[in-house]
Amino acid sequence: MSAALVATGATAAVAAPAKAPAPKATITLKVSATKVELGDVVTFTGKAARLKEGSKVTLQIKDGAKWVSLPAAAKVKKSAYKLTDKFEKKGVDVLRVKDGSTVSKPVSVTVR
C-alpha cells in the first residue's frame, strides 16, 4: 500500500511544462542611400514585427556613447514604416530606429 501512495505522490508532483516566452518585437532598418550630399533627404524604411499597429518609431543618431532622438518619426502601419530626414552636417552618422525598448540594428550614412 505504501508503494501505491509513493507512486501516486510522484505522479502528482510532476509539474506542467513551462510556457515558452512570447517572441520579442523586432524592427529592421533600411536606408535609401549610404552616401549622400549635404542637404539630401534620405528615406528610412523597415519592418516592425510584433509591434502594435500605430506604434511610433523614432529615428535616433549616435552622439558619442549615447543615442539622441531626432524629430523624424513614423507610425507603424501594416507592420512597416517609412520616414525621411535631411542631413545638414558633413561626416559619418550612425542611425537607428526605436520604439520603446525595441531598437533596430544601426546603419551608417556618409554625408559629403
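Residues numbered from 1 in each chain as written. Predicted model: local features only at pLDDT ≥ 70, side-chain atom pairs only at ≥ 80, totals over all residues. Heavy atoms only, no water.

## Here's the deal with the layout of surface pockets
Thinking step 1. Taken as a whole, the largest pocket encloses approximately 200 Å³ of empty space.
Thinking step 2. Around the largest pocket sit I61, K62, D63, L70, P71, D85, K86, F87, E88, K89, V92 and D93, which together line it.
Thinking step 3. Every element with two or more residues in the lining of the largest pocket is listed here: strand 5 (56-63), strand 6 (66-75), strand 7 (80-86) and strand 8 (91-99).
Thinking step 4. For the lining of the largest pocket, the leading source of residues is strand 5, giving three residues.
Thinking step 5. Of the residues contributing to the lining of the largest pocket, the split by class is five nonpolar, no polar and seven charged. (1 Å grid on protein atoms, 1.4 Å probe; cavity = no way out; pocket = protein on both sides within 12 Å on 5 of 7 lines; lining within 4 Å. Points joined across faces, edges and corners; volume = space filled by probe spheres on them. Helix = DSSP H or I, 4+ residues; strand = E, 2+ residues; numbered from the N terminus. Nonpolar A, V, L, I, M, F, W, Y, C, P; charged D, E, K, R; others polar.)

## A short note on the nonpolar core
Thinking step 1. Ranked by size, the top nonpolar core spans 21 residues in total, and within it F44, V57, Y81, L83, F87 and L95 carry the most contacts.
Thinking step 2. Of all the secondary-structure elements, those providing two or more residues to this core are strand 4 (41-49), strand 5, strand 6, strand 7, strand 8 and strand 10 (107-111).
Thinking step 3. In this view, Y81 contacts I27, T28, L29, F44, T45, G46, K47, V57, A74, K75 and V97; residues no more than four positions away in its chain are not counted. (Core = buried A, V, L, I, M, F, W, Y, C linked by side-chain atoms within 4.5 Å. Buried < 20%, exposed > 50% of the residue type's maximum accessible area, 1.4 Å probe, protein only. Contact = heavy atoms within 4.5 Å.)

## Examining the packing of aromatic side chains
Thinking step 1. This structure, assessed with the given rule, holds one aromatic pair.
Thinking step 2. Here the aromatic rings of F44 and F87 are separated by 6.5 Å at their centres, their planes lie at 50°, and the arrangement is tilted. Of this pair, F44 sits in strand 4 while F87 sits in the loop between strand 7 and strand 8, and the two are 43 residues apart along the sequence.
Thinking step 3. Overall, the relative accessible area of 0% leaves F44 in the buried class.
Thinking step 4. A residue is classified by how much of its surface remains accessible, and F87, at 4% relative accessible area, is buried. (Phe/Tyr/Trp six-rings, centres within 6.5 Å; stacked < 30°, edge-to-face > 60°.)

## Considerations on the pairing of strand 7
Two faces make up the sheet, and in a regular strand the side chains alternate between them.
Thinking step 1. Taking every second residue as pointing to the same face, the buried face of strand 7 carries Y81, L83 and D85, while none of A80, K82, T84 and K86 on the other face is buried.
Thinking step 2. Direction of pairing for strand 4 relative to strand 7: antiparallel, over a ladder of seven bridges. Within strand 7, the position partnered with V41 by the bridge is K86. (Pairing = 2+ DSSP bridges.)

## Things to note about the environment of K52
Thinking step 1. Tracing the sequence through the fold places K52 in the loop between strand 4 and strand 5.
Thinking step 2. Distance in space between the C-alpha atoms of K52 and V76 is 7.6 Å, their sequence separation being 24 residues.

## Topic: the pattern of salt bridges
Thinking step 1. Throughout the structure, instances matching the rule amount to one salt bridge.
Thinking step 2. Note that E37 is salt-bridged to R112, the shortest N-O span being 3.8 Å. Here E37, found in the loop between strand 3 (35-36) and strand 4, pairs with R112, found in the segment after strand 10; they are 75 residues apart in sequence, far enough to count as distant. (Salt bridge = Lys/Arg side-chain N within 4 Å of Asp/Glu carboxyl O.)

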